Every structure is written in structure tokens, then in C-alpha cells.
Amino acid sequence: MKSTKEPKVKLTLTVKKSAIENAKKYAQLDGSSLSSIVEDYLVEYSKTSKAENQSDFKNSLAYQLMGCAKGGPLDNMTDDEIKDMRIKDRYGL
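Quick caveat: nothing in here was measured; it's all calculated off a predicted structure. (Residues numbered from 1 in each chain as written. Predicted model: local features only at pLDDT ≥ 70, side-chain atom pairs only at ≥ 80, totals over all residues. Heavy atoms only, no water.)

Asker: Could you clarify how one ought to interpret the overall build of the chain in this entry?
Answerer: Tallying secondary structure elements over the chain gives five helices and zero strands in all. Starting at the N terminus and walking to the C terminus, you meet the elements of the chain as α-α-α-α-α. Looking at the chain as a whole, 2% of its 93 residues are labelled buried. Total accessible area on the chain is roughly 9400 Å²; 54% of this is exposed by carbon and sulfur atoms. (Helix = DSSP H or I, 4+ residues; strand = E, 2+ residues; numbered from the N terminus. Buried < 20%, exposed > 50% of the residue type's maximum accessible area, 1.4 Å probe, protein only. Areas by Shrake-Rupley, 256 points an atom, 1.4 Å probe, with all protein chains shown as cover.)

Here it is, written out as C-alpha cells:
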């Protein structure tokens, strides 16, 4: 069975000059090309699905703490009111 080779397309990126220079040195030491390194990264990056990323977030401490302060004493205060209260508390004003 003959495998079909996927066509290559040109991609233009804007990257810091130093990053390109360092990546080219790495590619040369690795015996590969900068294009193949970028391609490999994009393939690996796209393997991680959005659902997996959301699942990771739902298991995080940040997600578990979301909404825990609702209904608290600061809930109906504006940011400026909270800031003023903290300043008064800190400096005894």
C-alpha cells in the first residue's frame, strides 16, 4: 500500500531574532531543521485536546476555590471601597 505524503505549506512567523538564532543552533546540533522542530512542536501541541485542558483546570485548586467568597462581607463592595477599607485597616486611619 502506497502512503500519501501530505503537502507542505509555507508559514510566516514573527519571532524574536535571538530566538531564531538559538533555535537554528539547536537544530544544527540536533541534526534537524528549524522547520522540522516547529512542525514537531505543532503536532504535539495539537494532540492535547481542549477537553483535556479543561479537565486539568477543573481538577485544579483555582477551580475548586472559584466562588468560595460569594455571599461574604466583601461581596457587595466595589474594588475602591475594599481598597479604602484595607488602607484604613493597615494604617489605622
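Asker: Sorry, what's going on with the layout of surface pockets here?
Answerer: Over the atoms, a rolled probe matching the size of one water molecule traces out where space is still vacant. Estimates place the volume of the largest pocket at around 710 Å³. As for the largest pocket, its lining consists of 18 residues, of which L11, L13, S35, V38 and E39 are closest to the centre. Of all the secondary structure elements, the ones that give two or more residues to the lining of the largest pocket are α1 (17-30) and α2 (34-47). In terms of residues, the lining of the largest pocket owes the most to one element, α2, which gives six residues. Its residues assigned to classes, the lining of the largest pocket shows 12 nonpolar, two polar and four charged. (1 Å grid on protein atoms, 1.4 Å probe; cavity = no way out; pocket = protein on both sides within 12 Å on 5 of 7 lines; lining within 4 Å. Points joined across faces, edges and corners; volume = space filled by probe spheres on them. Nonpolar A, V, L, I, M, F, W, Y, C, P; charged D, E, K, R; others polar.)

Asker: Just to check I follow, could you spell out a negative patch on the surface for this structure?
Answerer: A grouping of D79, D80, E81 and D84 is seen on the molecular surface, where their side chains present a negatively charged patch. Judged by relative accessible area, D79 falls into the exposed class, the value being 66%. (Patch = residues over 30% accessible without salt bridge, like charges linked within 9 Å, V, L, I, M, F, W, Y side chains within 5 Å. Salt bridge = Lys/Arg side-chain N within 4 Å of Asp/Glu carboxyl O. Lys, Arg positive; Asp, Glu negative; His and termini not counted. Charge placed at Lys NZ, Arg CZ, Asp CG, Glu CD.)

Asker: Just checking my understanding: could you explain a nonpolar patch on the surface for this structure?
Answerer: Where nonpolar side chains cluster on the molecular surface, the patch consists of L11, L13, V15, I20, Y41, L42 and Y45 and spans about 720 Å² of accessible area. Examined against the element boundaries, L11 turns out to sit in the segment before α1. In this structure L11 comes out as exposed when scored by relative accessible area, which is 52%.

Asker: Which parts of the structure should I look at to understand α1?
Answerer: In an α-helix there are 3.6 residues to a turn, and that puts residues three or four apart on one side. With 14 residues, α1 extends 20 Å from end C-alpha to end C-alpha; this agrees with the ideal 20 Å at 1.5 Å per step. G31, located one to two residues past α1, shows a positive phi value of around 75°. (Expected span 1.5 Å × (residues − 1).)

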